[in-house]
Amino acid sequence: KAGVTQTPRYLIKTRGQQVTLSCSPISGHRSVSWYQQTPGQGLQFLFEYFSETQRNKGNFPGRFSGRQFSNSRSEMNVSTLELGDSALYLCASSFPGGTAGANVLTFGAGSRLTVL
Amino acid sequence: DQQVKQNSPSLSVQEGRISILNCDYTNSMFDYFLWYKKYPAEGPTFLISISSIKDKNEDGRFTVFLNKSAKHLSLHIVPSQPGDSAVYFCAASARSGNTPLVFGKGTRLSVIA
């Protein structure tokens, strides 16, 4: 059974650019959550999608957005990149689709974004 | 405000000894707690969980203890092995509510051979 796949694994952008990260959940998992990990800050919740609908949103500015497709794959977008957006972005999926807090999350390896 | 706190950023333990990682939480609605382990360049992997109806859960070398009155949980690893060296994240959620999993900042465990 394939795990959670995130692409790209590494990317470098410059300030002001925008970036799109992709996540393919485990087959059958309908809930996808995104987290940002920075040194000393742990995992900060970005948003959660279930059946193509955003079900929860963390305390991040509107530059951070996401979406989920009918096949449960998800993308997140960060516009007008800032130096502080440099982080590891983690996607996680869960089954059978209850709230993300009710199930064990399975994480992907992450997309490491560096903003110069 | 940090709802889940791991006050020790790092911990060093000798191989074969016990590792104790601590976690405190502030939200009394939390009723489900998990520990994740993370190696460099990998995503966090689920280790063990505990529901608020229990005060202890064991899985092999790993035991999680929950003290609801103190809003405190701990992860015990016995015996510690060099392969346990990783960052450990404590996480909590209120399963009855539509809230996401909230993570602590992590504790880096180093097991010295």
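Thresholds applied
- Here the residue index of a chain counts from 1 through its sequence in written order.
- All chains are assigned letters beginning with A, and all ligands numbers beginning with 1, in the order in which they are written.
- A pLDDT threshold of at least 70 governs which residues receive local features in this predicted model, and a stricter bar of 80 or more applies before side-chain atom pairs are shown or counted, although totals over entire chains, interfaces and linings include all residues.
- Note that the side-chain values use all heavy atoms of the structure and ignore hydrogens as well as water.
- Secondary structure elements follow DSSP: runs of H or I of four or more residues count as helices, runs of E of two or more count as strands, with numbering from the N terminus.
- A radius of gyration in this sense is built from C-alpha atoms; the matching globule rule multiplies 2.2 Å by the number of residues raised to 0.38.
- Think of it in three bands: residues with accessible area under 20% of the maximum for their type are buried, residues over 50% are exposed, and the middle band is partly exposed, with areas taken using a 1.4 Å probe on protein chains only.
- Pairs of residues are marked as contacts when any of their non-hydrogen atoms sit within 4.5 Å.
- Under the convention used here, a 1.4 Å probe and the Shrake-Rupley method define accessible areas, while residue burial counts only the protein chains that appear.
- Residues counted as positive are Lys and Arg, residues counted as negative are Asp and Glu, and His and the chain ends are not counted.
- To locate a charge, the coordinates of NZ of Lys, CZ of Arg, CG of Asp or CD of Glu are taken.
- Think of a patch as exposed residues, more than 30% relative accessible area, with no salt bridge, where like charges cluster within 9 Å and nonpolar side chains (Val, Leu, Ile, Met, Phe, Trp, Tyr) cluster within 5 Å.
- Each reported salt bridge corresponds to a side-chain nitrogen of Lys or Arg within 4 Å of a carboxyl oxygen of Asp or Glu.
- Throughout, disulfides are identified as pairs of cysteine sulfur atoms within 2.5 Å of each other.
- If DSSP finds at least two bridges between two strands, the strands pair.
- Any N or O atom pair separated by 3.5 Å or less is treated as a polar contact, with the protein-specific requirement of one donor-capable and one acceptor-capable atom, and with residues adjacent in sequence counted only for side-chain atom pairs.
- Residues were grouped as follows: Ala, Val, Leu, Ile, Met, Phe, Trp, Tyr, Cys and Pro as nonpolar; Asp, Glu, Lys and Arg as charged; and all remaining residues, including Gly, as polar.

## Quick look at the overall build of chain B
Helix and strand content of chain B: zero helices and eleven strands. When the helices and strands of chain B are read in sequence order from the N terminus, they spell out β-β-β-β-β-β-β-β-β-β-β. Compactness check: chain B gives a C-alpha radius of gyration of 13 Å against a globular reference of 13 Å for 113 residues, within 12% of the reference. Structurally, chain B occupies a C-alpha span of about 45 × 30 × 20 Å along its principal axes. Relative to its 113 residues, chain B shows a buried fraction of 46%. For chain B, long-range pairs separated by at least 24 residues make up 55% of all intrachain contacts whose partners lie at least 6 apart in sequence. Surface exposure of chain B reaches about 5,400 Å², of which carbon and sulfur atoms provide 49%. Of the charged side chains in chain B, 12 are positive and 9 negative; the average position of the first set lies 3 Å away from that of the second.

## Some thoughts on a nonpolar patch on the surface
All names here are of chain B. A cluster of nonpolar residues, Ile18, Ile20 and Val78, forms a patch on the protein surface that exposes about 230 Å² of accessible area. With respect to the helices and strands, Ile18 occurs in the loop between strand S2 (10–14) and strand S3 (19–25). On the basis of relative accessibility, which here comes to 41%, the residue Ile18 falls in the partly exposed class.

## Re the state of the cysteines
Under the counting rule described, the total for this entry stands at two disulfides over all chains. Residue Cys23(A) pairs covalently with Cys91(A) via a disulfide, S to S 1.8 Å. Residues Cys23(A) and Cys91(A) share a disulfide whose torsion about the S-S bond is about -60 degrees; that sign makes it left-handed. Of this pair, Cys23(A) sits in strand S3 (residues 19–24) while Cys91(A) sits in strand S9 (residues 87–94); the two residues are 68 residues apart in sequence, bridging distant segments of the chain. The disulfide partner of Cys23(B) is Cys90(B), and the S-S distance across this bridge is 2.0 Å. What sets the handedness of the Cys23(B) and Cys90(B) disulfide is the S-S torsion sign, and at about -75 degrees it is left-handed. Of the two residues, Cys23(B) is situated in strand S3 and Cys90(B) in strand S9 (residues 86–93); the sequence distance between them amounts to 67 residues. With respect to class, Cys23(B) is no different from Cys90(B); both count as buried.

## What about the sheet that holds strand S6 (residues 56–59) of chain B?
Residue and element names in this part refer to chain B. The five strands lie next to each other as S1-S3-S8-S7-S6, forming an open sheet whose pairing is antiparallel. The open sheet is flanked by strand S1 (4–5) and S6, the only strands paired with a single partner. Pairing of S1 with S3, which is carried by two bridges, proceeds in the antiparallel orientation. Along S3, the bridge assignment pairs Lys5 with Asp24.

## Considering the pairing of strand S6 (residues 53–57) of chain A
Residue and element names in this part refer to chain A. Pairing of strand S5 (residues 42–50) with S6 involves four bridges; the strand directions are antiparallel. Each residue of the ladder has a partner; that of Phe47, found in S6, is Lys57. Between S5 and S6, which follow one another and run antiparallel, lie two residues, and Ser51 among them has a positive phi close to 50 degrees.

## Digging into the interface of chain B and chain A
Between chain B and chain A, the contact holds 20 residues from the first and 23 residues from the second. In this structure, the connection of chain B to chain A is made through zero salt bridges. The interface formed by chain B and chain A contains three residue pairs in polar contact (both at pLDDT 80 or more). At the level of secondary structure, the elements contributing two or more residues to the side of chain B that touches chain A comprise strand S4 (32–38) and S9 of chain B. With four residues, the single largest contributor to the side of chain B that touches chain A is S4(B). Its residues placed into classes, the side of chain B that touches chain A shows ten nonpolar, six polar and four charged.

Any functional reading would require information beyond the geometric quantities listed.
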